[in-house]
Amino acid sequence: MSVGPDAIRTRAIKVAKSTSLSLTAIGLALLVSAVLILLAGFNPLIAYAALLKGAFGDSFAIGNTLARTTPLIFTGLAVAFAFRCNLLNIGAEGQLYAGALASVVVGIFVTGLPTPLHIMLAIAAGFAAGAMWGGLAGLMKSQRGINEIVSTIMLNFVAIFFVSYMVQGPIAEPPGFFHQTAQVATTARLPIIAPKSDLSIGILIAVGCAIFIAYLLWRTPFGLRLRTVGRSEGAARFAGIPVNRFMFGAMSISGGLAGLAGTVEIIGSQYRLLDFFSPGYGFDGIAVAFLGRSDPIGVIFAAFLFAALRIGANQMQRTTGLPTSLVLVIQGTVILFILGAGILQWYRQRQQEKGA
Amino acid sequence: MSLLRMEEITKRFPGVVANDQVDLVLEEGEIHALLGENGSGKSTLMNMLYGIYRPDAGRILLRDKEVQFSSPTDAISAGIGMVHQHFMLVPTMTVTENVILGLKEQKGRWNPLLDTRGAEKRINALAEQYGLDIEPNARVWQLPVGAQQRVEILKSLYRNAEILVLDEPTAVLAPKEVEHLIEVLRNLARSGKSIIFISHKLNEVIQLADRVSVLRNGVLSGQVDVADATASQLAEMMVGRQVETPKKKPRKSGETILTTANLVVKDDRSLIAVDDLTFDLAKGEIFGVAGVDGNGQKELTEAIAGVRSIESGNLEISGLSKSRGKRFREIGHVTEDRHQTGVVLPFSLWENYALKVCGTPPYGNWLNMNTGVMQEQTRAAIDQFSIKATGPDVAMSTLSGGNQQKVVLARELALDPKLLLAAQPTRGLDVGAAEYVHERLLSARDSGMAIMLISTELEEVLALSDRIMVMYEGKSMGLVDASQASREMLGLMMAGVSLENIENGMSQ
């Protein structure tokens, strides 16, 4: 049953090709960034060594990198999933805040539950809140044709500042000096896998989720229909697929996934909700999804790369005094090069077709 | 001295030889047809003449001088003009603006303002000289297709083209517009222009051309004077065997499946597109809907398919399920616009095949698709419909139009629908593939399927249908038995003369 050997081979070749292309692009980006580091008056070799050490130097570093990977997998998945339905979800950040808020409420105010149940409830709440926030944009899109890019951007502000309000007042930790909530109950916390680091079993949940999403997209009728809506709305309509309902559904699930990013941050590492707590995981998710070519498995690796760059950057700064912002430049360069590689691939294909 | 000689032109693409030592000679004032099935290499040959491709071998001589074009700009300045099948016009601009687009028509050497008035004058002069009926100030989107085509011709003439290449110029035209085009082309030839037109329609070639070159699989299979050739000879040169018109068995009567009464449907702009239609359709029947494109056939089909709402009147299909998904599986639909609504190009063949059936046994359930079964079914369809594809995993986009259509047909027939809507099922297909689609439709009819055939091709409608309805501006011009219909009669109805008026006219 399932896929024939030919299909596996062609898919393997495809994956190998795009992986080698991505790696080449990353290499070239690091090369170009090296020039920038030189221009800034630092030694790029020392800087990169520090970066590598910071990201992978010891089990503690690896643990931190993986902990950082976790929310990025979720937000990357969120953007990639919506994109498979031809929707651009720029609102993962807001959905993440919605998820975090719901999880922290469940984690603090629901008490007396056994650990696994409490965790599951917190996760469910985070997913539901994110799904609601994403679904709202989906509803506007499917019912009134409102552009989801605009609506999700706007909903980001609403969510972020609503959380800010909540942690300053209604659910602030007494007596209320700091803009933060109390810690969630120990029964709601995800078990830590690597001692001394922030790494919880959240990473396993994230990877599991990615595999599940891949299955959903390529092995279920729902996934096939959703991808059909994404690739050809006309064909979907004439095949009897309720396009509007699928758009709504895709935005809801996408929002739910982004919500889980908030959840794992709260019950996996931070334990309390602060205002403006996310360093832009939702926006990084867009780049992660892009780098992973909207493939759930690709998203895992892309998220890992982004996390490594960010974690390594701290070490780089400490060792060499190089500003962290340079890492943002490196990230930007990587994305540009990947984009360029994509264009190169497309161009070669066209030349082949043209026979020149 | 010939105006143009293409000698032993060869062009290879990865895996195929598109042109294999093709010769073509064009005289001054000649109308030359380039005949061949889709994929026989006609367009490739012309693209080399127009500088889009470069030949791998062979040479092109213009008035006995060898030329090499590295871009269309070179070809244009050498006096070659091309009218593509899909027009290269900017809809929101005027005719004049479109004609001078890309040229430096400024008022004076030192005056950079556009000399629209001067251009207009020249356009008018050209239009008059060649009998092109055109209004220079009209905006292109306001013009009917025939007029847009004349703008394209004018564009070439304005650039002093001596040789005009037209790629399937009649594919988009109504019968009346075709007549007009033929007149224009004759005028051009008479005043010394030379014309090459690409076509796969035999009757047009015979009607219009002086000489014809026939391509088959990239090889020139003959160049003859049209006066010396018969249609069946040309057809044989084109497909390499005798073409047969499908034979129809007498119709078995069946129960009525579809009934409409005073049906009114609106189009996307909320204008009435289907106006007061009443007809019915029974099992074992092919019901032909003829008419020029854009007379409400699309809206009618979509309303029956359930993707367009009904304004008023009745539309009933007996025995349909209540569930939306099931209903779509019970009505087969070969859609008019294959790329927009029929297939998903980046998907594999089996995914396309599975669009409607996925999730229903034996293709799996709601949680899991049985990809193995669907791939097997697709493989079987590839064999059964002789689809040119290496397997069910290849992307739909890699198939030619004819083979894509076969996949669609296979998919829709596999559902064993109660009703099959076939809209322009052979549009853009070559003779062989079209013949096959026709056979399939007829055998489905003989096995008791109810089929509605929507087509702008009179021959097709006449050959396949049991009854024919002609639509004009959303209304029915009449419903006739195919055995009693003639080309002339249907042609009149397509032009808006009702059956009643025709019969009255005949009795007088």
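Note that the structure is a prediction, hence the values are computed from the model and not measured.

## Some details on the overall build of chain A
Scanning chain A from terminus to terminus reveals 13 helices and zero strands. The secondary structure elements of chain A, listed N-terminal to C-terminal, are α-α-α-α-α-α-α-α-α-α-α-α-α. For 356 residues, the compact-globule formula gives about 21 Å, and the C-alpha radius of gyration of chain A, at 21 Å, lands near that figure. Dimensions along the principal axes, computed over C-alpha positions, put chain A at roughly 75 × 60 × 40 Å. Here chain A holds 356 residues, and 52% of them are scored as buried. Look at the contacts in chain A between residues 6 or more apart in sequence, and 75% of them connect residues 24 or more apart. Looking at chain A as shown, the accessible area adds up to about 16,100 Å², and 69% of this sits on carbon and sulfur atoms. With 24 positive and 12 negative side-chain charges, chain A shows a separation of 9 Å between the mean positions of the two kinds.

## Remarks on the domain arrangement of chain B
Residue and element names in this part refer to chain B. Annotation of chain B at the domain level lists domain 1 (4-239), domain 2 (255-319 + 418-508) and domain 3 (340-417). Each of domain 1 and domain 2 was reduced to a C-alpha centroid, and the two centroids are 34 Å apart. Taking both sides of the interface into account, the surface hidden between domain 1 and domain 2 amounts to around 590 Å²; carbon and sulfur atoms contribute 56%. Taken together, domain 1 and domain 2 are joined by zero salt bridges. For the pair domain 1 and domain 2, the interface holds zero residue pairs in polar contact (both at pLDDT 80 or more).

## Notes on unusual backbone geometry
With omega at 0°, the peptide bond leading from Pro174 of chain A into Pro175 of chain A counts as cis. In the segment running from Pro361 of chain B into Pro362 of chain B, the intervening peptide bond is cis, with an omega of 5°. By the secondary structure assignment, Pro362 of chain B is in the loop between α12 (349-354) and β18 (364-365). Phi is positive for Arg63 of chain B, which is not a glycine, with a value near 45°. Looking at the element boundaries, Arg63 of chain B is found in the loop between β4 (57-62) and β5 (65-67). Even without glycine at this site, Asn262 of chain B takes up a positive phi of about 50°. Within the secondary structure, Asn262 of chain B is located in strand β13 (residues 256-266). Residue classification places Asn262 of chain B among the partly exposed residues on the basis of a relative accessible area of 44%.

## Some details on the interface of chain A and chain B
Residue-level contacts link 28 residues of chain A with 32 residues of chain B. A combined buried area of about 2,500 Å² lies between chain A and chain B, and 60% of that area is made up of carbon and sulfur atoms. When the area that chain A buries against chain B is broken down by residue, the three leading residues are Pro221, Leu224 and Phe238 of chain A, summing to 26%. Close ionic contact of Glu351 of chain B with Arg227 of chain A constitutes a salt bridge, the shortest N to O distance being 2.8 Å. Taken together, chain A and chain B are joined by nine residue pairs in polar contact (both at pLDDT 80 or more). Sorting the residues of the side of chain A that touches chain B by element identifies α7 (202-219), α8 (221-231), α9 (233-238) and α13 (325-354) of chain A as the ones contributing at least two each. Ranked by the residues each element gives to the side of chain A that touches chain B, the list is headed by α8 of chain A, at six residues. Across the side of chain A that touches chain B, the residue classes break down as 11 nonpolar, nine polar and eight charged.

## Focus: the sheet that holds strand β9 (residues 163-167) of chain B
Residues and elements named next belong to chain B. Spatially, six strands are ordered β6-β9-β10-β3-β11-β12 in an open sheet, and the strand pairing comes out mixed. Of all the strands in the sheet, the pair left with one neighbour each is β6 (80-83) and β12 (219-225). Sheet twist, expressed as the mean angle between neighbouring strand axes with direction ignored, is 20°. On the sheet, helix α1 (residues 42-49) packs against β3 (31-35), β6, β9, β10 (194-199) and β11 (211-216) and is oriented at approximately 150° with respect to β10.

## Quick look at the state of the cysteines
By definition, a disulfide links two cysteine residues through a covalent bond between their sulfur atoms. Enumeration over the complete set of coordinates arrives at zero disulfides over all chains. Summary of cysteine pairing: Cys85 of chain A is not part of a disulfide, and the nearest cysteine sulfur, belonging to Cys358 of chain B, is at 14 Å. Judged by its relative accessible area of 1%, Cys85 of chain A is buried.

## Observations concerning the sheet that holds β13 of chain B
Residues and elements named next belong to chain B. Across the sheet, three strands lie side by side as β14-β13-β16; this open sheet has antiparallel pairing. Only two strands of the sheet have a single partner each, and these edge strands are β14 (272-282) and β16 (312-317). The mean angle between the axes of side-by-side strands here comes to 15°, regardless of whether they run parallel or antiparallel. In terms of strand pairing, β13 meets β16 through five bridges, oriented antiparallel. Counted as the bridge partner of Leu258 is Ile317 from β16. Helix α9 (residues 297-305) contacts β13, β14 and β16 of the sheet and is inclined by roughly 60° relative to β14.

## Some words on the packing of helix α2 (residues 44-56) of chain A against helix α12 (residues 296-320) of chain A
Residue and element names in this part refer to chain A. Packing of α2 against α12 brings their axes to within 7 Å, and their N-to-C directions diverge by 120°. For the element pair α2 / α12, the angle class is oblique. The hand of the α2/α12 crossing is right-handed. Every residue of α12 that contacts α2 at Ile46, Ala47, Ala50, Leu51, Gly54, Ala55 and Phe56 is listed here: Phe304, Ala308, Leu309, Ile311, Gly312, Ala313, Gln315, Met316, Thr319 and Thr320. Of the residues assigned to the contact of α2 with α12, the class counts are 12 nonpolar, five polar and no charged.

## Structural notes on the nonpolar core
Core analysis: the biggest nonpolar cluster contains 107 residues, and Leu77, Phe81, Val229 and Leu273 of chain A have the highest contact counts within it. No other element matches the 12 residues that helix α10 (residues 243-270) of chain A contributes to this core. Ignoring sequence-local partners within four residues, the contact set of Val229 of chain A consists of Cys85, Ala236, Ile241, Val243, Phe246 and Met247 of chain A. Core analysis: the next-biggest nonpolar cluster, separate from the first, contains 49 residues, Leu89, Ala119, Tyr158 and Ile195 of chain B among them.

## Observations concerning helix α6 (residues 148-168) of chain A
Residues and elements named next belong to chain A. Spanning 21 residues, α6 covers 30 Å between terminal C-alpha atoms, matching the ideal 30 Å at 1.5 Å per step. What α6 keeps buried is the set Glu148, Ser151, Thr152, Leu155, Asn156, Ala159, Ile160, Val163, Ser164, Met166 and Val167. Against the buried residues of α6 lie α4 (92-109), α5 (115-144), α10 and α11 (281-291). Backbone nitrogen of Ile149 and a side-chain oxygen of the N-cap are separated by 2.7 Å at the start of α6; the cap is Asn147.

## A look at the packing of α11 of chain A against α12 of chain A
Residue and element names in this part refer to chain A. As a packed pair, α11 and α12 sit with axes 8 Å apart at the nearest point and diverge in direction by 130°. Judged on the interaxial angle alone, α12 and α11 are oblique. In terms of crossing hand, the pair formed by α11 and α12 is right-handed. Where α11 abuts α12, its residues Asp284, Ala287, Val288, Ala289 and Leu291 lie against Val299, Ala302, Ala303, Leu305, Phe306 and Arg310. Of the residues contributing to the contact of α11 with α12, the split by class is nine nonpolar, no polar and two charged.

Thresholds applied
Residues numbered from 1 in each chain as written. Chains lettered and ligands numbered in written order. Predicted model: local features only at pLDDT ≥ 70, side-chain atom pairs only at ≥ 80, totals over all residues. Heavy atoms only, no water. Helix = DSSP H or I, 4+ residues; strand = E, 2+ residues; numbered from the N terminus. Rg over C-alpha atoms; globule rule 2.2 N^0.38 Å. Buried < 20%, exposed > 50% of the residue type's maximum accessible area, 1.4 Å probe, protein only. Contact = heavy atoms within 4.5 Å. Areas by Shrake-Rupley, 256 points an atom, 1.4 Å probe, with all protein chains shown as cover. Lys, Arg positive; Asp, Glu negative; His and termini not counted. Charge placed at Lys NZ, Arg CZ, Asp CG, Glu CD. Domains from an automatic or database assignment. Buried area = accessible area lost by both parts, 1.4 Å probe. Salt bridge = Lys/Arg side-chain N within 4 Å of Asp/Glu carboxyl O. Polar contact = N/O pair within 3.5 Å; in protein donor to acceptor, adjacent residues only side chain to side chain. Nonpolar A, V, L, I, M, F, W, Y, C, P; charged D, E, K, R; others polar. Pairing = 2+ DSSP bridges. Axes fitted to C-alpha atoms, helices over the stretch in contact; angles between N-to-C directions. Disulfide = S-S within 2.5 Å. Parallel < 35°, antiparallel > 145°, perpendicular 65-115°, else oblique. Left-handed = near helix turned anticlockwise from the far one by under 90°. Core = buried A, V, L, I, M, F, W, Y, C linked by side-chain atoms within 4.5 Å. Expected span 1.5 Å × (residues − 1).

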